[in-house]
Amino acid sequence: MIDRRTFSKFLGLGTGTAAAASLAGLPGAPAASAATPQEAGTGNAPATGAGGHTSFASLKQVRAGLLNVGYAEAGPAHGPVVICLHGWPYDIHSFVEVAPLLAAKGYRVIVPYLRGHGTTRFLSARTFRNAQQSAIALDIIALMDALAIEKAVLAGFDWGSRTADIIAALWPERCKALVSVSGYLITNLEANLQPLAPAAEYAWWYQYYFATERGRLAMEDKERRHDLARLVWQTVSPTWDFDDATFARTAAAFDNPDYAAIVLHNYRWRLSLADGERRYDRLEKQLATRPVIEVPTVTLDAERDPFTAPGDGASYRDRFSGPYDHRTLKGIGHNLPQEAPAAFARAVVDADHL
């Protein structure tokens, strides 16, 4: 979630063109210099994207920190590493087309299920099912340690953008470059106490639903949470013509036994309706200062995403002090990597070379 003062309405902005040439060799990459909806892999394009991939070749598990993390991997084992991070209500399939594009360029691509999703499990039943931002970021640091990855390009959207932003800000030595959809998403709890314009609050309806007992019961019911997630897909990605099979592949990740607890805690914590853990207080205090990100960064805005901040990135530009590029993708909704896989992969390659 963006700082609650910074976003409110849909945009009508142009598409950035600076990256067009650098990914010309990628399979499925657009030949033109601007990412129109059709070229980016959305609009009336098939839900599977330009390459037609629907699954990952291999899924793996590794003990990392508090978790046994499930993750997909693609590309050469000794290639430069890219870690792709999903959001809610999504899973690793948001990158099912991105991963082969990057693998074809020689990258080792790691796509983990976040805590509470897919095959990722807590190692102990006694561990508090915490979804505050610093805890999720530390999960990815632990995953990198477990896989002996010293440094990686971090790329994400939604919860994944926030997680990548936090690592880039607090542990820049672990982040070679950053791709962040919606820009600077580090949560400021104090700012989140302030109301938004009504149209923006309307887009966040499920956040308030999750704060209620009715919302908890819905999230704990498989059919209701699947229907809720699908409604969110439809409303935040209004131009994405996904099919039943595409949604079902992701919805399988919602059957994790900790899914409801993690999702509910994440949104309640952001509204200061649920406590985090004291062990993360020091990190949260650092994040409350809105630390500047110094690593090379490409930020991406989706024109049709109701959470995209107005101003074509101006509202968060001062949070990035290193080499930087910003792009707005016309006709694209919230699930940008799956709707526009070639544009997202191009941003990763370009960020790595800023």
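Residues numbered from 1 in each chain as written. Predicted model: local features only at pLDDT ≥ 70, side-chain atom pairs only at ≥ 80, totals over all residues. Heavy atoms only, no water.

### Description of the overall build of the protein
Scanning the protein for helices and strands turns up 13 helices and nine strands. Every one of the 354 residues in the protein was classed for burial, and the buried ones make up 62%. Here the analysis covers contacts within the protein between residues at least 6 apart in sequence; of these, 80% occur between residues at least 24 apart. As presented, the protein carries roughly 13300 Å² of accessible surface, and 52% of it is formed by carbon and sulfur atoms. (Helix = DSSP H or I, 4+ residues; strand = E, 2+ residues; numbered from the N terminus. Buried < 20%, exposed > 50% of the residue type's maximum accessible area, 1.4 Å probe, protein only. Contact = heavy atoms within 4.5 Å. Areas by Shrake-Rupley, 256 points an atom, 1.4 Å probe, with all protein chains shown as cover.)

### With respect to the confidence of the model for the protein
Per-residue pLDDT for the protein averages 88, and the proportion of residues at 70 or more is 86%. The model gives residues 1-49 a pLDDT under 50, and that stretch makes 137 contacts with residues more than four places away or in other chains. (pLDDT = per-residue confidence, 0-100.)

### Considerations on helix H4 (residues 159-170)
Taking 1.5 Å as the rise per residue, H4 with twelve residues should run 16 Å; its terminal C-alpha atoms sit 17 Å apart, in good agreement. With twelve of twelve residues buried, H4 lies mostly within the body of the structure. For H4, the full list of buried residues reads Trp159, Gly160, Ser161, Arg162, Thr163, Ala164, Asp165, Ile166, Ile167, Ala168, Ala169 and Leu170. Looking at the buried positions of H4, the neighbouring elements they touch are strand S3 (81-85), helix H3 (133-146), strand S6 (152-156), strand S7 (175-181), helix H10 (259-270) and helix H11 (281-288). (Expected span 1.5 Å × (residues − 1).)

### Remarks on the pairing of strand S1 (residues 59-64)
Two faces, one strand: in a regular strand the side chains alternate between the faces of the sheet. Bridging between S1 and strand S2 (residues 67-74) involves six bridges; their strand directions are antiparallel. Following the sheet pairing, Leu59 is matched in S2 by Ala72. Where S1 hands over to S2, the hairpin turn is made up of two residues, of which Gly65 adopts a positive phi near 65°. (Pairing = 2+ DSSP bridges.)

### A closer look at the pairing of S3
Of all five residues making up S3, five are buried, and the element is well covered by its neighbours. On S3, burial covers both faces: Val81, Ile83 and Leu85 on one face and Val82 and Cys84 on the other are all buried. Relative to strand S4 (residues 108-112), S3 runs parallel, the two being bridged by three bridges. Within S4, the position partnered with Val82 by the bridge is Val109. Each parallel crossover has a hand, and for S3 linked through helix H2 (residues 98-104) to S4 it is right-handed. (Right-handed = clockwise from strand over helix to strand, strands pointing away.)

### Considering the nonpolar core
If you look at soluble globular proteins, the nonpolar side chains tend to sit buried side by side. Counting residues in each nonpolar core, the largest one holds 107 residues, and the members touching the most others are Ile83, Trp88, Leu102, Val179, Phe210 and Phe344. Counting residues per element, this core draws most heavily on helix H13 (residues 341-352), at eight residues. The contact partners of Leu102, leaving out residues within four places of it in the chain, are Val82, Tyr107, Val109, Ala345, Val348 and Val349. (Core = buried A, V, L, I, M, F, W, Y, C linked by side-chain atoms within 4.5 Å.)

### Overview of the packing of aromatic side chains
This model, assessed by the stated rule, comprises 26 aromatic pairs. Seen in terms of ring centroids, Phe210 and Tyr267 are 5.6 Å apart; in terms of plane orientation they differ by 50°. Their pairing is tilted. Here the residue Phe210 occupies a position in the loop between helix H6 (205-209) and helix H7 (213-219), and Tyr267 occupies one in helix H10, the gap between them amounting to 57 residues. For Phe210, a relative accessible area of 0% puts it in the buried group. For Tyr267, a relative accessible area of 1% puts it in the buried group. Within the aromatic cluster, the residues linked to one another by ring pairs are Tyr90, Phe95, Phe157, Trp233, Trp240, Phe242, Phe247, Phe254, Tyr259 and Phe344. (Phe/Tyr/Trp six-rings, centres within 6.5 Å; stacked < 30°, edge-to-face > 60°.)

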